[in-house]
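# Report on the structure
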Amino acid sequence: ETEPVEEVIILENVVVERVEPTTLDEANSSLEAAISRESVTMAVYEGLLELGYTEEHPAVAMTKIDVENAKADVAYYTEQQAYQAEQEAARQEARKWEKRAAEYPVATKVWLYMKNEFGWSDTVCAGIMGNMMAECGGCWTSDLDWDVSGSNGYGMIQWIGGRRKQLFSIYGNKPGIESQLQFIKDELYGTNGVTKQVTDNQLNKIMNADSPEDCAYAFASYYERCAKSHRSVRRSYARRAYEYFVG
């Protein structure tokens, strides 16, 4: 047998400095390059073995290191790709909320407060928002007029009578957005000395409704207690709010 001619083999370790990607495009590009390096180095490694070189041969050992380095790079950039994908998704979501806040600042603030401070589901937020759109939305939009006052009603829910008096007694004659939202929660749960306005069973139907439409109807029926003729339309407003804020 003829021994492989070692003199014709001129190899150098492939040393590629890892650069941490800062964007998803950079991560994708780096991962693609690492996969290519892995493929090339593996082909060289297998080619040397086919030529008859043993694992102990310096050229094979050197190439094997290149393969291991390339595989490590693939693993590293795969993780970076996943991380940057999450970051890009977060940036896109942030841009959506910036747009919403610019279009409907009050409604966006209300939605985020209910979500973040109260931990309410999207279904519940949309159901309550649908009622607010009917009460103070103006042309039935999400452009909420949070301190509107008329026909003895006040605010985003248009409180009247004793409920309005209790609202004012706690928060003054012009309760802000957050104060009104807290009062809604307190009326639902009977907390902070506020008169509970729904039964536990009614509260369960509001908070565990299967859809924004059902939540809106339950909220209108049990909490708002508006005329039956005004309840059904709030279902469509709740769906509109859900599609806008959740998509």
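Residues numbered from 1 in each chain as written. Predicted model: local features only at pLDDT ≥ 70, side-chain atom pairs only at ≥ 80, totals over all residues. Heavy atoms only, no water.

## Section: the overall build of the chain
For the chain, the helix and strand inventory stands at 9 helices and 2 strands. The N-to-C order of helical and strand elements in the chain reads α-α-α-α-β-β-α-α-α-α-α. For 247 residues, the compact-globule estimate of 2.2 N^0.38 gives 18 Å, and the chain exceeds it by more than 25% at 32 Å. The dimensions of the chain, computed from C-alpha atoms along their principal axes, are 105 × 35 × 35 Å. Sorting the 247 residues of the chain into buried and exposed places 39% on the buried side. Expressed as a percentage of contacts within the chain between residues at least 6 apart in sequence, the contacts between residues at least 24 apart total 57%. Between the averaged position of the 25 positive side-chain charges in the chain and that of its 39 negative side-chain charges there is a distance of 23 Å. (Helix = DSSP H or I, 4+ residues; strand = E, 2+ residues; numbered from the N terminus. Rg over C-alpha atoms; globule rule 2.2 N^0.38 Å. Buried < 20%, exposed > 50% of the residue type's maximum accessible area, 1.4 Å probe, protein only. Contact = heavy atoms within 4.5 Å. Lys, Arg positive; Asp, Glu negative; His and termini not counted. Charge placed at Lys NZ, Arg CZ, Asp CG, Glu CD.)

## Here's the deal with the packing of helix 4 (residues 122-136) against helix 9 (residues 232-245)
What describes two packed helices is the angle between their axes and the distance between those same axes. One way to put it is that helix 4 packs onto helix 9 with a least axis distance of 7 Å and a crossing angle of 125°. By the angle between their axes, helix 4 is oblique relative to helix 9. Our pair here, helix 4 against helix 9, has a crossing hand that is right-handed. Of helix 9, the residues touching helix 4 (which contributes Asp 122, Thr 123, Ala 126, Gly 127, Met 129, Gly 130, Asn 131, Met 133, Ala 134 and Glu 135) are Arg 234, Tyr 237, Ala 238, Arg 240, Ala 241, Tyr 242 and Phe 245. (Axes fitted to C-alpha atoms, helices over the stretch in contact; angles between N-to-C directions. Parallel < 35°, antiparallel > 145°, perpendicular 65-115°, else oblique. Left-handed = near helix turned anticlockwise from the far one by under 90°.)

## What to know about the layout of surface pockets
Reported here for the largest pocket is a volume of approximately 250 Å³. As for the largest pocket, its lining consists of 13 residues, of which Ile 157, Gln 158, Trp 159, Ile 160 and Glu 224 are closest to the centre. Tallied by class, residues from the lining of the largest pocket come to 5 nonpolar, 4 polar and 4 charged. (1 Å grid on protein atoms, 1.4 Å probe; cavity = no way out; pocket = protein on both sides within 12 Å on 5 of 7 lines; lining within 4 Å. Points joined across faces, edges and corners; volume = space filled by probe spheres on them. Nonpolar A, V, L, I, M, F, W, Y, C, P; charged D, E, K, R; others polar.)

## Section: the environment of Asn 69
With respect to the helices, strands and loops of the structure, Asn 69 is situated in helix 2 (residues 58-103). Separated by 136 residues in the primary sequence, Asn 69 and Lys 205 place their C-alpha atoms 58 Å from one another.

## Considerations on helix 1 (residues 24-50)
End to end, helix 1 covers 39 Å across 27 residues, agreeing with the expected 39 Å (1.5 Å per residue, within 8%). For helix 1, the complete set of buried residues consists of Ala 27, Ser 30, Leu 31, Ala 34, Arg 37, Thr 41, Tyr 45 and Leu 48. On its buried side, helix 1 packs onto helix 2. Directly beyond the C-terminal end of helix 1, a positive phi value near 105° is found at Gly 52. (Expected span 1.5 Å × (residues − 1).)

## Some remarks on the packing of helix 3 (residues 105-116) against helix 4
One way to put it is that helix 3 packs onto helix 4 with a least axis distance of 10 Å and a crossing angle of 145°. Judged by the twist between their axes, the crossing of helix 3 over helix 4 is right-handed. Residue-level contacts link Ala 107, Val 110, Trp 111, Met 114 and Lys 115 of helix 3 to Asp 122, Cys 125, Ala 126, Ile 128, Met 129 and Met 132 of helix 4. Residues of the contact of helix 3 with helix 4, tallied by class, amount to 9 nonpolar, no polar and 2 charged.

## Regarding helix 8 (residues 212-224)
Of all 13 residues in helix 8, 10 are buried; the element is thus mostly enclosed. Looking at helix 8, one finds that the buried residues are Pro 212, Glu 213, Cys 215, Ala 216, Ala 218, Phe 219, Ala 220, Ser 221, Tyr 223 and Glu 224. Here the buried face of helix 8 lies against helix 4, helix 5 (161-171), helix 6 (177-189), helix 7 (200-207) and helix 9. Positive phi appears at Arg 225, one or two residues downstream of helix 8, with a value of about 55°.

## Considering the nonpolar core
If you look at the biggest cluster of nonpolar residues, it comprises 43 residues, and the most contacted ones within it are Val 110, Met 129, Leu 181 and Leu 188. Mapped onto this core, the elements with two or more residues apiece are helix 3, helix 4, helix 5, helix 6, helix 7, helix 8 and helix 9. It is helix 4 that contributes the most residues to this core, 9 residues altogether. If sequence neighbours within four positions are ignored, Leu 181 has contacts with Val 110, Tyr 113, Met 114, Phe 118, Met 132 and Met 156. Counting residues in hydrophobic clusters, the runner-up holds 6 residues, among them Leu 48, Tyr 53, Val 60 and Val 67. (Core = buried A, V, L, I, M, F, W, Y, C linked by side-chain atoms within 4.5 Å.)

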